[in-house]
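Reading the structure
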Amino acid sequence: MNFCSQCGSPVTVRVPPGDNLPRHVCDACGTIHYQNPKVVVGALPVWNEQVLLCRRAIEPRYGLWTLPAGFMENNETAAEGAVRETQEEAGARVELGPMFSFVDIPGISQIHIIFQATLLAPDFSPGEETLEAALFDESDVPWNEIAFRSVEFTLRKFFEDRRSGNYRLHTTALEIHPPLRT
Ligand code: ZN
């Protein structure tokens, strides 16, 4: 950020009095512009034995597969955000289950929260951020074309839990995404 969103003056980066981290500070109006991690919320929609994946029509990771997920909006719950993103990206309606994965990614200041979900019908109409939406058996999941490590983590834990019959919350911390495998 270069300019203050309150008054339009240039901002400087320094540690404010009583703080211990550098912030964007406006010396004209005194506003301290804090920047905090972003929350990504999504769903792991299931229809019978299959999981719903979406192929991305946007960067980053254009053309790769992901779970329906996106940035949480103001004034919604995490669960509401997961349902909304599933509707927007896959055109799919779901009944949400428990929170299934909670992934810290401190290198990019994000947390990713994915909920279990049941599709209400196997009908999709992908939104403009999605090339296609499709159901996959575990044996057909395109593991080498998964867009994000948090999604791969979530899917692997889901199939492990399904085999054991014991679904639970899985947490992990990932480093920043490595270069794409080619
Ligand atoms: Zn200002």
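Before any of the text, the structure's been laid out above.
Here's what I pulled together on the structure shown here. (Residues numbered from 1 in each chain as written. Predicted model: local features only at pLDDT ≥ 70, side-chain atom pairs only at ≥ 80, totals over all residues. Heavy atoms only, no water.)

Here's the deal with the coordination of the zinc ion
The protein atoms that coordinate the zinc ion are Cys4 (SG), Cys7 (SG), Cys26 (SG) and Cys29 (SG), at distances of 2.3 to 2.4 Å. Taken together, the four donor atoms coordinating the zinc ion and their angles of 100 to 116° define a geometry best described as tetrahedral. Donor residues for the zinc ion, ordered by position in the chain, follow C-x2-C-x18-C-x2-C. Of this pair, Cys7 sits in the segment before strand 1 (11–14) while Cys29 sits in the loop between strand 2 (23–26) and strand 3 (32–33); the two residues are 22 residues apart in sequence, bridging distant segments of the chain. (Donors = N, O, S within 2.8 Å, 3.2 Å for Na, K, Ca; no water. Tetrahedral: all angles 85-135°; square planar, octahedral: opposite > 155°, others 65-115°. Helix = DSSP H or I, 4+ residues; strand = E, 2+ residues; numbered from the N terminus.)

Some words on the packing of aromatic side chains
In this structure the tally under the stated criterion is five aromatic pairs. Taken together, a centroid distance of 4.9 Å and an interplanar angle of 80° make the contact between Trp65 and Phe136 edge-to-face. Taken as a pair, Trp65 in strand 6 (residues 65–66) and Phe136 in strand 10 (residues 130–136) lie far apart in primary sequence, 71 residues in all. For the pair Trp65 and Phe136, one class covers both residues: buried. Taken together, the ring pairs in this structure connect Phe100, Trp143, Phe158, Phe159 and Tyr167 into an aromatic cluster. (Phe/Tyr/Trp six-rings, centres within 6.5 Å; stacked < 30°, edge-to-face > 60°. Buried < 20%, exposed > 50% of the residue type's maximum accessible area, 1.4 Å probe, protein only.)

Considerations on the sheet that holds strand 2
With antiparallel pairing, three strands are arranged side by side in an open sheet as 1-2-3. The sheet terminates laterally at strand 1 and strand 3, the two strands that pair on one side only. Sheet topology places strand 2 next to strand 3; two bridges connect them, and they run antiparallel. Within strand 3, the residue paired with His24 across the bridge is His33. (Pairing = 2+ DSSP bridges.)

Regarding the pattern of salt bridges
Opposite charge on two side chains makes pairing possible when the charged atoms of those side chains draw close. This structure, assessed with the given rule, holds 10 salt bridges. Notably, a salt bridge pairs Arg84 with Glu85, separated by 3.0 Å at the nearest N-O pair. Per residue, the accessibility class of Arg84 equals that of Glu85, and both read buried. Each member of the salt-bridge network shares a partner with another, and the members are Glu76, Arg84, Glu85 and Glu88. (Salt bridge = Lys/Arg side-chain N within 4 Å of Asp/Glu carboxyl O.)

Section: the nonpolar core
By size, the foremost hydrophobic cluster in this structure holds 22 residues, and its most contacted members are Leu44, Val51, Leu53, Val141, Ile146 and Leu155. Elements with a contribution of two residues or more to this core: strand 4 (38–47), strand 5 (50–56), strand 10 and helix 2 (149–164). The leading source of residues in this core is helix 2, at four residues. Once residues lying within four places of it in the same chain are set aside, the contact partners of Leu44 are Val51, Leu67, Phe100, Ile114, Phe115, Gln116, Ala117, Thr154, Leu155 and Phe158. If you look at the next biggest cluster of nonpolar residues, it comprises nine residues, including Cys54, Ala92, Ala117 and Ala133. (Core = buried A, V, L, I, M, F, W, Y, C linked by side-chain atoms within 4.5 Å. Contact = heavy atoms within 4.5 Å.)

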